[in-house]
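Listed below, chain by chain, are the residues.
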Amino acid sequence: MFNKTKLRGPIGRIYPIFILSMYALGVIEFVIRQALIGEGWDISKGPIFITIIAAAFFMGMGIYQWYRYRLWPYPVAGILAGFSTLQSICQYTDTIFTFQSYIFTIILVVIFVVATWPILAGHEKYEMNARRLFKLAADSIMETSAGFTARPYSAGSTDYTFETLQGFARFLNSKRIVNPVYREAGIYMTISLGISPMTDPDPGKVSYVLFDKKGEITVHISAFDYRQYTKRYTFDQLCESLGSTFHRFLEYYKEGHEDRIINELKSV
């Protein structure tokens, strides 16, 4: 099943896999320590090593997610989660940490996540929809002979008024499908699996579909986003397909069938 996926998996799926693995290894470490204590070893009974590894993981993932997405809540949440995990060793051995400080840090993590949830949840929706768009773009492509090209790709033209285009952009943004960036040339519908659209990045640093004021459609897929494909799809065909997808969505919007856009994305 995994060999048939078009895109590399999201970072988020690492967390449950890691946590379950750490629980299993923690039990093993606990059993080993109990056996050693039974033989007379003067050691603590809890899974100290696994706890330290888990704390380092949460901190490292937070920093990595900041590097990838450029959203500040990730490193803060990662460091807080790692620090609270590290403090849990106070239950097994004497440390500078106390049970009260451990509980306080957990509460701090919960408060921070709740306070920054609009950012975290908003980004997750943007990334989820970006994945769906990139999968849609690859659905009709069979050729895998050509790699990445940095130049923007001209994906044809269509008819629209600027007011209609603005309404279309607002609708897509309200559903966290794209983050529109307004420039003199037109409206860049930005999507990304890397730098979060919520940071309002320069369009050249992420993927976008540009609808200019003359009715021309231009597509740019960033190098990072292209590397997320598990196959080297022919780049021009990929851009053409992504441009056609947005052209089709615009026609749905003009006809008053916005629900078709949502249904098509959910079908991926």
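Conventions we followed
Residues numbered from 1 in each chain as written. Predicted model: local features only at pLDDT ≥ 70, side-chain atom pairs only at ≥ 80, totals over all residues. Heavy atoms only, no water. Patch = residues over 30% accessible without salt bridge, like charges linked within 9 Å, V, L, I, M, F, W, Y side chains within 5 Å. Areas by Shrake-Rupley, 256 points an atom, 1.4 Å probe, with all protein chains shown as cover. Salt bridge = Lys/Arg side-chain N within 4 Å of Asp/Glu carboxyl O. Helix = DSSP H or I, 4+ residues; strand = E, 2+ residues; numbered from the N terminus. Expected span 1.5 Å × (residues − 1). Buried < 20%, exposed > 50% of the residue type's maximum accessible area, 1.4 Å probe, protein only. Contact = heavy atoms within 4.5 Å.

Draft legend 1. Representation of a nonpolar patch on the surface in the model. The grouping of F99, I103, I106, I107, V110, I111 and V114 at the surface amounts to a nonpolar patch, some 620 Å² of accessible area in total. Along the chain, V114 falls in helix α4 (residues 99–115).

Draft legend 2. Examining helix α6 (residues 162–174) more closely. When the terminal C-alpha atoms of α6 are compared, their 18 Å separation across 13 residues agrees well with the 18 Å that a helix rising 1.5 Å per residue should span. For α6, the complete set of buried residues consists of L165, G167, F168, A169, F171 and L172. In the core, the buried residues of α6 are packed alongside β2 (179–183), β3 (186–191), β4 (207–212), α8 (235–254) and α9 (258–266). Looking one or two places after α6, you find R176, whose phi comes out positive at around 55 degrees.

Draft legend 3. Geometry of helix α3 (residues 73–87). Given a rise of 1.5 Å per residue, 15 residues ought to cover 21 Å, and the 21 Å separating the end C-alpha atoms of α3 matches this to within 8%. In terms of burial, α3 is largely enclosed, as 11 of its 15 residues are buried. Burial in α3 covers these residues: P73, Y74, P75, A77, G78, L80, A81, G82, S84, T85 and Q87. Structurally, α3 contributes buried residues whose contacts are with α2 (48–69), α4 and α5 (117–139).

Draft legend 4. Quick peek at the pattern of salt bridges. Scanning the model with the defined rule gives seven salt bridges in all. In this structure, R33 engages E29 in a salt bridge whose closest nitrogen and oxygen atoms are separated by 2.9 Å. Here R33 and its partner E29 are both found in helix α1 (residues 14–38), four residues apart, which amounts to about one turn of the helix. The burial state of R33 is the same as that of E29; both residues are buried. Residue E251 pairs with K254 through a salt bridge whose shortest N-O separation is 3.3 Å. Of the two residues, E251 and K254 are both situated in helix α8; the distance of three residues between them amounts to about one turn of the helix. The class of K254 is partly exposed, set by a relative accessible area of 39%. In the salt-bridge network here, residues are joined through shared partners; they are R68, E127 and R131.

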